[in-house]
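Now for the letters of each chain:
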Amino acid sequence: MEVEETVKELITSEKEARRSVENSKIKATDLINAAIEDGKQLIKKRIDDANKAAADMKAKAKADAQQYSKEAIDQASSQINDLKTMYSSIKENFASEFILKFLESVAHN
């Protein structure tokens, strides 16, 4: 009888050990799956963050380029207006001198 009880206890112990191993496998698989999912989400978040940073940098670069372009156009426009003013002044001076010299030469003749 004692042998029988010992065998039954051994069988029960073995079954419990197998159940424990199976439960451990299930828990380990669940942990691995959860870790994989967390890793995927982390990678996705990093990619999303990188894409957002790239979009922000692109938008800033575009805004900076537009500002620099506007400044360059304003500066060129100002220089053109200065040249126009200078040209008008030179033209006016030349015309005045030409007419004055012409009148002086007519008066001497």
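Just above sits the structure.
Please read all numbers here as calculations on a predicted model, not as lab measurements.

Calculation rules
Each residue is numbered by its place in its chain's sequence as written, counting from 1. Totals for whole chains, interfaces and linings use all residues, but because this is a predicted model, local features are given only for residues with pLDDT of at least 70 and pairs of side-chain atoms are given and counted only at 80 or more. Here the side-chain values reflect all heavy atoms present in the structure, with hydrogen atoms and water set aside. Secondary structure elements follow DSSP: runs of H or I of four or more residues count as helices, runs of E of two or more count as strands, with numbering from the N terminus. When we talk radius of gyration, it's over C-alpha atoms, and the globule rule is simply 2.2 Å times the number of residues to the 0.38. Three exposure classes are used, based on accessible area relative to the maximum for each residue type with a 1.4 Å probe and protein chains only: buried under 20%, partly exposed in between, and exposed over 50%. Reported accessibility uses the Shrake-Rupley method at a 1.4 Å probe radius. Residues are deemed covered only where the shown protein chains occlude them. Here is the rule: rings of Phe, Tyr and Trp (six-membered ring for Trp) pair when centre to centre is within 6.5 Å. Planes less than 30 degrees apart are stacked, more than 60 are edge-to-face, and the remainder are tilted. Think of a polar contact as two N or O atoms within 3.5 Å of one another; within protein, one of them needs to be a possible hydrogen donor and the other a possible acceptor, and neighboring residues in sequence only count if both atoms come from side chains. Excluding any residue in a salt bridge, patches collect residues exceeding 30% relative accessible area, merging like charges within 9 Å and nonpolar Val, Leu, Ile, Met, Phe, Trp and Tyr side chains within 5 Å. Salt bridges, as used here, are contacts in which a Lys or Arg side-chain nitrogen is within 4 Å of a carboxyl oxygen on Asp or Glu.

Quick notes on the overall build of the protein
Part 1: Scanning the protein for helices and strands turns up one helix and zero strands.
Part 2: For 109 residues, the compact-globule estimate of 2.2 N^0.38 gives 13 Å, and the protein exceeds it by more than 25% at 46 Å.
Part 3: For the protein, the residues scored as buried account for 0% of the 109 residues in total.
Part 4: Of the roughly 10,300 Å² of accessible surface on the protein, a fraction of 61% belongs to carbon and sulfur atoms.

Observations concerning the packing of aromatic side chains
Part 1: Enumeration according to the criterion identifies one aromatic pair in this entry.
Part 2: Ring centres of Phe94 and Phe98 lie 6.1 Å apart, and the angle between their planes is 20°; on these two criteria the pair is classed as stacked. Of this pair, Phe94 and Phe98 both sit in helix H1 (residues 2–108), four residues apart, which is roughly one turn of that helix. As far as the burial class goes, Phe94 and Phe98 line up, both exposed.

Observations concerning the environment of Ser105
Part 1: Here Ser105 is to be found in helix H1.
Part 2: Classification of Ser105 by relative accessible area gives partly exposed; the value is 34%.
Part 3: At 2.8 Å, the side chain of Ser105 and the backbone oxygen of Phe102 are in polar contact.

Structural notes on a nonpolar patch on the surface
Part 1: Taken together, Phe94, Phe98, Ile99, Phe102, Leu103 and Val106 make up a surface patch of nonpolar side chains, about 650 Å² in accessible area.
Part 2: Following the sequence through the fold, Val106 ends up in helix H1.
Part 3: For Val106, a relative accessible area of 46% translates into the label partly exposed.

Digging into the pattern of salt bridges
Part 1: What the rule picks out here adds up to seven salt bridges.
Part 2: Across the pair Arg18 and Glu14 runs a salt bridge whose closest N-O atoms are separated by 2.6 Å. Of this pair, Arg18 and Glu14 both sit in helix H1, separated by four residues, roughly a single helical turn.

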